[in-house]
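# Commentary on secondary and tertiary structure
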Amino acid sequence: MYRILVINPGSTSTKLAIFEDEKQVASKTLRHTPEELSQFKRLIDQYEFRVNVIEDFLKTLGFEYKDFNAVVGRGGLVRPIPSGTYLVDELMVEELKQAKYGEHASNLGAVIAFEISNKYNIPAYIVDPVVVDEMDKIAKISGHPMFERKSIFHALNQKAVARRAAEELGKKYEETNLIVVHMGGGISIGAHRNGKVIDVNNALDGDGPFTPERSGTLPLTQLIDLCYSGKYDYDFIKKRIKGKGGLVAYLGTNDAMKVQEMISNGDKKAELVYKAMAYQIAKWIGKMAAALKGEVDAIVLTGGLAYDENYMVKWLKEYTGFIAKVLVYPGGDEEKALAMGALRVLRGEEKARSYKEEVQMRG
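This report concerns the structure included in the present document. As the structure is a prediction and not an experimental result, all values here were calculated from the model. (Residues numbered from 1 in each chain as written. Predicted model: local features only at pLDDT ≥ 70, side-chain atom pairs only at ≥ 80, totals over all residues. Heavy atoms only, no water.)

## Comments concerning the packing of aromatic side chains
What the rule picks out here adds up to eight aromatic pairs. Plain terms: the ring middles of Phe40 and Phe49 are 5.7 Å apart, the flat faces sit at 45° to each other, and that makes the pair tilted. By relative accessible area, Phe49 is classed as buried at 16%. Sitting over the face of the ring of Trp284, Lys287 holds its NZ or CZ atom 3.9 Å from the ring centroid. (Phe/Tyr/Trp six-rings, centres within 6.5 Å; stacked < 30°, edge-to-face > 60°. Buried < 20%, exposed > 50% of the residue type's maximum accessible area, 1.4 Å probe, protein only. Lys NZ or Arg CZ within 6 Å of the ring centre and 35° of its normal.)

## Re a nonpolar patch on the surface
A cluster of nonpolar side chains, namely Leu220, Ile224 and Tyr228, defines an oily patch on the protein surface of about 400 Å² accessible area. Relative to the helices and strands, Leu220 is located in helix 7 (residues 220–227). You can call Leu220 exposed: its relative accessible area is 59%. (Patch = residues over 30% accessible without salt bridge, like charges linked within 9 Å, V, L, I, M, F, W, Y side chains within 5 Å. Areas by Shrake-Rupley, 256 points an atom, 1.4 Å probe, with all protein chains shown as cover. Salt bridge = Lys/Arg side-chain N within 4 Å of Asp/Glu carboxyl O. Helix = DSSP H or I, 4+ residues; strand = E, 2+ residues; numbered from the N terminus.)

## Overview of helix 4 (residues 107–120)
Look at helix 4: 21 Å from first C-alpha to last across 14 residues, which is about the 20 Å you get at 1.5 Å a residue. In terms of burial, helix 4 is a largely internal element, eleven of the 14 residues being buried. Where helix 4 is concerned, the buried positions are Asn107, Leu108, Gly109, Ala110, Val111, Ile112, Ala113, Phe114, Glu115, Ile116 and Ser117. Packing partners of the buried residues in helix 4 comprise strand 1 (3–9), helix 2 (47–60), strand 4 (70–74), helix 3 (90–97) and strand 6 (124–127). In the segment just after helix 4, Asn121 is the residue with positive phi, at about 55°. (Expected span 1.5 Å × (residues − 1). Contact = heavy atoms within 4.5 Å.)

## Brief notes about the pattern of salt bridges
Per the stated rule, a full pass over the model turns up 17 salt bridges. One salt bridge connects Arg79 with Glu95, and the closest N-O pair in it is separated by 2.5 Å. Linking Arg79 in the loop between strand 4 and strand 5 (85–87) with Glu95 in helix 3, this pair joins segments that are 16 residues apart in sequence. Here the two residues Arg79 and Glu95 agree in accessibility, since each one is buried.

## Observations concerning the nonpolar core
Core analysis: the largest hydrophobic core is formed by 39 residues, its most contacted members being Ile179, Met183, Tyr274, Ile281 and Ile299. Of all elements in the fold, only strand 7 (177–183), strand 8 (187–193), helix 9 (246–251), helix 10 (256–264), helix 11 (268–291), strand 10 (298–303) and helix 12 (312–320) reach the threshold of two or more residues within this core. No other element matches the eleven residues that helix 11 contributes to this core. Residues within four places of Ile299 in sequence aside, it is in contact with Ile179, Val181, Ile285, Thr320, Ile323, Ala324, Lys325, Val326 and Leu327. (Core = buried A, V, L, I, M, F, W, Y, C linked by side-chain atoms within 4.5 Å.)

This is how it looks when you write it as structure tokens:
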């Protein structure tokens, strides 16, 4: 039996889970007050504080760090790397501390895990960070050499549900072609071909369908004209693309459940906008079907919006059911996905990847 500690940091919280093999035996979200966090100049400076808070909580359950076979943290903004479970090393930690590729709460996951690893001599891992990059070269061509399409998406959940779907289909993940649609505050649609995501929209930076709070791909010339109109500054435009776009911009809320309630109460504008989001998602599913040359074993819907069977799931099945069967796995259990990535390595089913070696190979 392998006991695994999962650490999933947020900006004001740390989600913890304890797994014994596939079974989750405990979970807790530790909340951190503004007063506790205000002493740190940078987000990454919080890692020692969070290590101690986690240790104190584990003691209340009768656990110590040394009781675990592995600790696995949420993967942060590292360099683009292939999918897999990575052993946390000095280079990864150094780059995350420097926020070399961007600052995000998830950066703390690997740093906290590494600190625990060094103190208690247990392996520390990350699994499928958002920057997983397996895109075909042809998919990276944007239309102008000044710009390259990037792979930034919900890799952890997409990979986890893709494995689940393949199992349901009676196949190995490495033998299936799937279109996986993660629908949350951000929406990513990936073409999974034989175990690799060969194409996907950049869900972080504005590519793809509009979402509950992001504008998605916008009419380019209109956007340029707006940027140079002199009416708005950089931050205002950025916020309209991510944070104040999508459902928020049209309907004043990013809460899909509230939008569903508006529709059920006869709000025609809400119905039109919400269905337009489904329409755009469906068009991106069609794009990924083309990337797979029509050879699609299943379309997989996941994320919070996949709970909505009355509208979103129903509409997507109507639009895309002709492509392939549609499988629905609502939500996204990040803690379990992290634990299973570590467990595969501990059991010898998968070899842990080296971040340093990947960086050297990619130059």
